[in-house]
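What follows is the residue order along each chain.
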Amino acid sequence: MASTDARSAAGVNGPTRARIGVKTLREDRWWLAPAGTFVVFAAFIVYSTWRAFSGANYFSEPYLSPFYSPCLSNECVPGSSDFGQPFGGWPLSPALLILVFPLGFRLTCYYYRKAYYRAFWLSPPACAVAEPHTKYTGETRFPLIAQNLHRWFWYAAVVVALVLSYDVLLAFGPAEGESDGIHMGLGTLIMLVNVVFIWMYTLGCHSCRHIMGGRLRHFSQHPVRYKLWGWASKLNGQHARWAWFSLVSVALTDFYIYLLATGAFDDPRFF
Ligand code: FES
């Protein structure tokens, strides 16, 4: 193991680095972005933890909260299990069965990594701002080596996005007391917008881009993959935006359905 002296000589204290007595020479408000990220992420973590463990108020016909979809345990309220209840004996909230996939996907996302490394670990807090840590091992050992699972989480995230898209189709169904056929309420619109953001985020993933167009020698011989790679690249250019939009929209969608399920107000119906 490296001695304390050896460790303190690493990073910005390394022998090849300029000796600068202050944490940064930046004079702009560089702390705004990590501070904002910290506040929003912390709020999301508190909110989603509360909702995921509550195990209640996640279904208001025909709307199912994205935190609970697919609902796979026999604890699920009637009408919310469109893919059966294969986890009959699951004693905890049904959300805990599936949230591991979107959570793993976001935790290992290249953009989120940058955001939470800066906001929570100050590693470093911003460009050209010295970090407080004296040692850097990168993502080469446990636990951060697990960030390499991102591609596998992407496959799971595609399945989750397909399930959420199916939920949007069901959201065009009748609410309690309505006749069969196609209907639409404010909840339908909210779920639709949410799933669009989720697809934008999922398909703009760096791993998706590589899956579409990586390891090819000649794009000219793979026109379909080239096209898909081009689309993924376009979305990828705005990946941070879709990460934020989809994070906020998934929480708002859940909250809207929570309000309906608790009877706080009725869903405005358009037809
Ligand atoms: Fe962000 Fe894959 S890099 S979702």
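Residues numbered from 1 in each chain as written. Predicted model: local features only at pLDDT ≥ 70, side-chain atom pairs only at ≥ 80, totals over all residues. Heavy atoms only, no water.

A. The arrangement of the layout of surface pockets in detail. Considering only enclosed or pocket space, the largest pocket measures out at about 770 Å³ in volume. Residue lining of the largest pocket: 31 residues in total, with F44, P102, L103, R106 and L247 positioned closest to the centre. Of all the secondary structure elements, the ones that give two or more residues to the lining of the largest pocket are α2 (32-54), α3 (95-98), α4 (100-107), α5 (110-119), α6 (150-170), α7 (186-203) and α10 (239-261). The residue inventory of the lining of the largest pocket, partitioned by class, reads 26 nonpolar, 4 polar and 1 charged. Computed from the structure, the second largest pocket encloses a volume of approximately 390 Å³. (1 Å grid on protein atoms, 1.4 Å probe; cavity = no way out; pocket = protein on both sides within 12 Å on 5 of 7 lines; lining within 4 Å. Points joined across faces, edges and corners; volume = space filled by probe spheres on them. Helix = DSSP H or I, 4+ residues; strand = E, 2+ residues; numbered from the N terminus. Nonpolar A, V, L, I, M, F, W, Y, C, P; charged D, E, K, R; others polar.)

B. Spatial organisation of the environment of C109. Relative to the assigned elements, C109 resides in the loop between α4 and α5. The buried category is assigned to C109, whose relative accessible area is 1%. (Buried < 20%, exposed > 50% of the residue type's maximum accessible area, 1.4 Å probe, protein only.)

C. Spotlight on the UniProt feature "transmembrane region" (unreviewed entry) in the protein chain. Under the UniProt annotation, "transmembrane region" (unreviewed entry) lies at residues 30-50, 92-112, 152-172, 184-203 and 242-261. Within residues 30-50, the helical portion is 90% and the strand portion 0%, while the C-alpha atoms at the span's ends are 32 Å from each other. Along residues 152-172 the backbone is 90% helical and 0% strand, and the end-to-end C-alpha distance reaches 32 Å. (UniProt positions renumbered as here; feature names shortened; annotations may be inferred.)

D. Representation of a nonpolar patch on the surface in the model. Together, F38, V39, V40, I45, F120 and W121 make up a nonpolar patch on the protein surface, roughly 530 Å² of accessible area in all. You can see V40 is positioned in helix α2. (Patch = residues over 30% accessible without salt bridge, like charges linked within 9 Å, V, L, I, M, F, W, Y side chains within 5 Å. Areas by Shrake-Rupley, 256 points an atom, 1.4 Å probe, with all protein chains shown as cover. Salt bridge = Lys/Arg side-chain N within 4 Å of Asp/Glu carboxyl O.)

E. Just unusual backbone geometry, in detail. For the bond running from E61 to P62, omega is 5°, close enough to zero to count as cis. On the secondary structure map, P62 appears in the loop between β1 (59-60) and β2 (63-64). Cis peptide bonds are those with omega within 30 degrees of zero, and the linkage from S69 to P70 qualifies with 0°. Mapped onto the elements of the fold, P70 is located in the loop between β2 and α3. Unusually for a residue other than glycine, L122 sits at a positive phi of about 50°. Take L122: it is sitting in the loop between α5 and α6.

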